[in-house]
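A closer look at the structure
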Amino acid sequence: MKNKLLTSFIGAIDDRDEYQQQEIYKELAFSGILLWYLSMLIMLVSLIIDTIHNTFSFSTSALLILNMIYAVMLTSRLRKKQLDSTDCASLEEYQKKKQQLKKSSAFAGVFWGFFMLILMQYVFPYLSTGEIDAGWQHLLIWGAAGILFGTIVYRFSKSKLQIHS
């Protein structure tokens, strides 16, 4: 059924050979990623519009649910087939990749905390009421949340590293 759906989706009459299928899968995967980011952007714009009008529309909640279902479905399928694991040939390679994960997770935590601080304490309050709701306690809360986010990302990513000697 997958091949039948694929051939009808791309407009082909008969089944594709292995190379063509591989290339089609690459293009579909890239298109899927772009569409997911685009729908996330549309969801953010819809949320901003809802904030300005002090409402919560069906489109915002529908996009949120759709994006979360897609992300959970994709993550579970990749995890089930262990396609999200990274094999390391040696202990040195494992240590090097672990260091990369520490840096990228720390950056992700700082970026996420800063983004959430700006969005939740400056942008959304300004759009909804015209006033900015910021203080040291908010900086501490979002800083701690960023550290927690970075730590969770690091531990989750580290659990996917495997040493095969």
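Below: a short report on this structure. The structure displayed is predicted, hence computed values, not measured ones.

About the cut-offs
Residues numbered from 1 in each chain as written. Predicted model: local features only at pLDDT ≥ 70, side-chain atom pairs only at ≥ 80, totals over all residues. Heavy atoms only, no water. Helix = DSSP H or I, 4+ residues; strand = E, 2+ residues; numbered from the N terminus. Rg over C-alpha atoms; globule rule 2.2 N^0.38 Å. Contact = heavy atoms within 4.5 Å. Areas by Shrake-Rupley, 256 points an atom, 1.4 Å probe, with all protein chains shown as cover. Lys, Arg positive; Asp, Glu negative; His and termini not counted. Charge placed at Lys NZ, Arg CZ, Asp CG, Glu CD. Core = buried A, V, L, I, M, F, W, Y, C linked by side-chain atoms within 4.5 Å. Buried < 20%, exposed > 50% of the residue type's maximum accessible area, 1.4 Å probe, protein only.

Turning next to the overall build of the chain. Per the secondary structure count, the chain includes five helices and two strands. Against the 2.2 N^0.38 benchmark of 15 Å for 165 residues, the chain shows a C-alpha radius of gyration of 21 Å, more extended than a compact globule. If you line up the chain on its principal axes, its C-alpha atoms span 60 × 45 × 20 Å. Look at the contacts in the chain between residues 6 or more apart in sequence, and 59% of them connect residues 24 or more apart. Summed over its atoms, the accessible surface of the chain is roughly 12,600 Å², and 68% of this surface lies on carbon and sulfur atoms. One finds the centroid of the 16 positive side-chain charges in the chain at a distance of 9 Å from the centroid of its 13 negative side-chain charges.

Next up on the list: the nonpolar core. In this structure, Cys-88, Tyr-94, Leu-101, Tyr-154 and Leu-161 together form the largest nonpolar core, which totals five residues. The residues touching Leu-161, leaving out its near neighbours within four places in the chain, are Thr-86, Cys-88, Tyr-94, Lys-97, Lys-98 and Leu-101.

Let us look at the environment of Leu-28. If you trace the backbone, Leu-28 turns up in helix α2 (residues 18-52). Measuring from C-alpha to C-alpha, the distance between Leu-28 and Ile-10 comes to 9.8 Å, with 18 residues separating the pair along the chain. Dropping the residues within four chain positions of it, Leu-28 is found in contact with Leu-6 and Phe-9.

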